[in-house]
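# Structural overview for review
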Amino acid sequence: KELDHKFIKLNLKGSATLSKEHFKIKGTIDSNKKFQAKVNIENSDLGIDGVFKTEYLSTKIVGNIKEKNLKATLNISSLKKLQIELNKLYKFKRFDIDGSIKTEAKLKGEEVWATVESPKLALNGFNIETIGLDAHYNKELLTINRLNLNTTGFKDKKLNKKIYLNQAGVIYLGEKRSILL
């Protein structure tokens, strides 16, 4: 029922060599509700290089899948407008949130590095500002090297705080689970 009167048009051109796991896809995904996504992704002997973009969302991936050496970025210019954009394809309850987010992740073997940055997220009645997260994962150990944010806009001024880590936080995710923040 959610997809009634919604038509999706795929205008993709591509090729694939399944025996070598090579592929190339380029084109657009459009709907009659004025949604459009641009796709350009290729996996070859040189590795993967791909981009997926809408008006408010931009993703990029580069690297080599077989070697587990990848770098991915995701940028959202407006969470509020992205929700409206995606609601053109599929109806869902939108959250009262706006702001931009930039994320970056790197995979090298079994290790993962990730960062999340946002100047401001406006929520219902308050804001979370200057968000910064820098984390590393390796062998069941998650290390949070940096976590900082400011809460502002609360009527109760005591809730407006700067939150940060004084030292790196560690979270053990193996058999013996523990958190040290």
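A quick note: this is a predicted structure, and the numbers were derived from the prediction, not measured.

## So, the overall build of the protein
In terms of regular secondary structure, the protein is built from one helix and 14 strands. Relative to the globule expectation of 16 Å for 181 residues, the C-alpha radius of gyration of the protein, 20 Å, shows a markedly less compact shape. Evaluated residue by residue, the protein yields a buried proportion of 25% over its 181 residues. By element, 57% of the accessible surface of the protein is carried by carbon and sulfur atoms, the whole surface being about 12,900 Å². The average position of the 34 basic charges and that of the 21 acidic charges among the side chains of the protein differ by 6 Å.

## So, helix 1 (residues 79-87)
For helix 1, the complete set of buried residues consists of Leu79, Leu82, Gln83, Glu85 and Asn87. Elements that come into contact with the buried residues of helix 1 comprise strand 3 (35-44), strand 5 (57-64), strand 6 (69-76), strand 7 (97-99), strand 8 (101-108) and strand 9 (111-123).

## Focus on the packing of aromatic side chains
Summed over all chains, the structure comprises one aromatic pair. Seen from their ring centres, Phe126 and Phe154 are 4.5 Å apart, and the 10° between their planes marks the pair as stacked. Residue Phe126 is located in strand 10 (residues 126-138), and its partner Phe154 is located in the loop between strand 11 (141-152) and strand 12 (162-164); the two are separated by 28 residues in the primary sequence. Using a relative accessible area of 22% as the deciding quantity, one classes Phe126 as partly exposed. The ring of Tyr172 carries Lys176 above its face, with NZ or CZ at 5.7 Å from the centroid.

## So, the side chain of His136
Relative to the elements of secondary structure, His136 occurs in strand 10. Only 2.6 Å separates the side chain of His136 from the side chain of Glu111, close enough to count as a polar contact. Residues in contact with His136, not counting those within four places in the same chain, are Glu111, Val112, Trp113, Leu141, Leu142, Thr143 and Asn145.

## With respect to the environment of Glu42
Counting through the fold element by element, Glu42 comes out in strand 3. Taking the relative accessible area as the measure of exposure, Glu42 reaches 34% and is therefore partly exposed. Separated by 93 residues in the primary sequence, Glu42 and Ala135 have C-alpha atoms spaced 29 Å apart. With near-sequence residues (within four places) excluded, Glu42 lies in contact with Phe23, Lys24, Gly47, Ile48 and Asp49.

## Considering unusual backbone geometry
Positive phi outside glycine occurs at Thr130, with the angle close to 45°. Within the element layout of this structure, Thr130 appears in strand 10.

## Observations regarding the nonpolar core
If you look at the biggest cluster of nonpolar residues, it comprises ten residues: Tyr56, Leu57, Ile76, Leu79, Leu82, Ile97, Leu121, Ile128, Ile131 and Leu149. Counting only elements with at least two residues in this core, the list comes to helix 1 and strand 10. Not counting chain neighbours up to four residues away, the residues in contact with Leu79 comprise Ile97, Asp98, Gly99, Ile101 and Leu121.

## Observations regarding the pattern of salt bridges
Following the criterion strictly, the structure yields four salt bridges and no others. Linking Lys60 and Asp49 is a salt bridge whose minimum nitrogen-to-oxygen distance equals 2.9 Å. Taken together, the residues span a long stretch of sequence, with Lys60 in strand 5 and Asp49 in strand 4 (residues 47-53) at a distance of eleven residues. Using a relative accessible area of 41% as the deciding quantity, one classes Asp49 as partly exposed. Linking Lys68 and Glu110 is a salt bridge whose minimum nitrogen-to-oxygen distance equals 2.6 Å. Placement of the pair is Lys68 in the loop between strand 5 and strand 6 and Glu110 in the loop between strand 8 and strand 9, with a sequence separation of 42 residues. Its relative accessible area of 38% is what places Lys68 among the partly exposed residues.

Reading guide: rules and limits
- One numbering rule holds for all chains: residues counted from 1, following each sequence as written.
- Per-residue local features of the predicted model are confined to residues with pLDDT of at least 70, and side-chain atom pairs are confined, for both listing and counting, to 80 or more; whole-chain, interface and lining totals are unaffected and use all residues.
- To get the side-chain values, all heavy atoms of the structure are used, and hydrogens and water are removed first.
- Only DSSP runs of H or I covering at least 4 residues are called helices, and only runs of E covering at least 2 are called strands; the numbering of each starts at the N terminus.
- In this setup the radius of gyration rests on C-alpha atoms only. A globule is expected at 2.2 Å times the number of residues raised to 0.38.
- Working definition: with a 1.4 Å probe on protein chains only, accessible area under 20% of the residue-type maximum means buried, over 50% means exposed, and in between means partly exposed.
- Surface accessibility follows the Shrake-Rupley procedure with a 1.4 Å probe radius. Residue values consider only the protein chains on display as shielding.
- All tallies of charge rest on Lys and Arg as positive and Asp and Glu as negative; His and the ends of each chain are not included.
- Lysine's charge is taken at NZ, arginine's at CZ, aspartate's at CG and glutamate's at CD.
- Contacts between residues were defined by any pair of non-hydrogen atoms, one from each residue, lying within 4.5 Å.
- To pair, rings of Phe, Tyr and Trp, with the six-membered ring standing in for Trp, must have centres within 6.5 Å; the planes then decide the type, stacked if under 30 degrees apart, edge-to-face if over 60, and tilted in the middle.
- A ring is considered to have a charge above it if a Lys NZ or an Arg CZ atom is located within 6 Å of its centre and within 35 degrees of its normal.
- Pairs of N or O atoms are called polar contacts if they sit within 3.5 Å, as long as, within protein, a hydrogen donor faces a hydrogen acceptor (for residues adjacent in sequence, only side-chain-to-side-chain pairs).
- Residues grouped as a nonpolar core are buried Ala, Val, Leu, Ile, Met, Phe, Trp, Tyr and Cys residues, joined through side-chain atoms within 4.5 Å.
- Salt bridge criterion: a side-chain nitrogen from Lys or Arg within 4 Å of a carboxyl oxygen from Asp or Glu.

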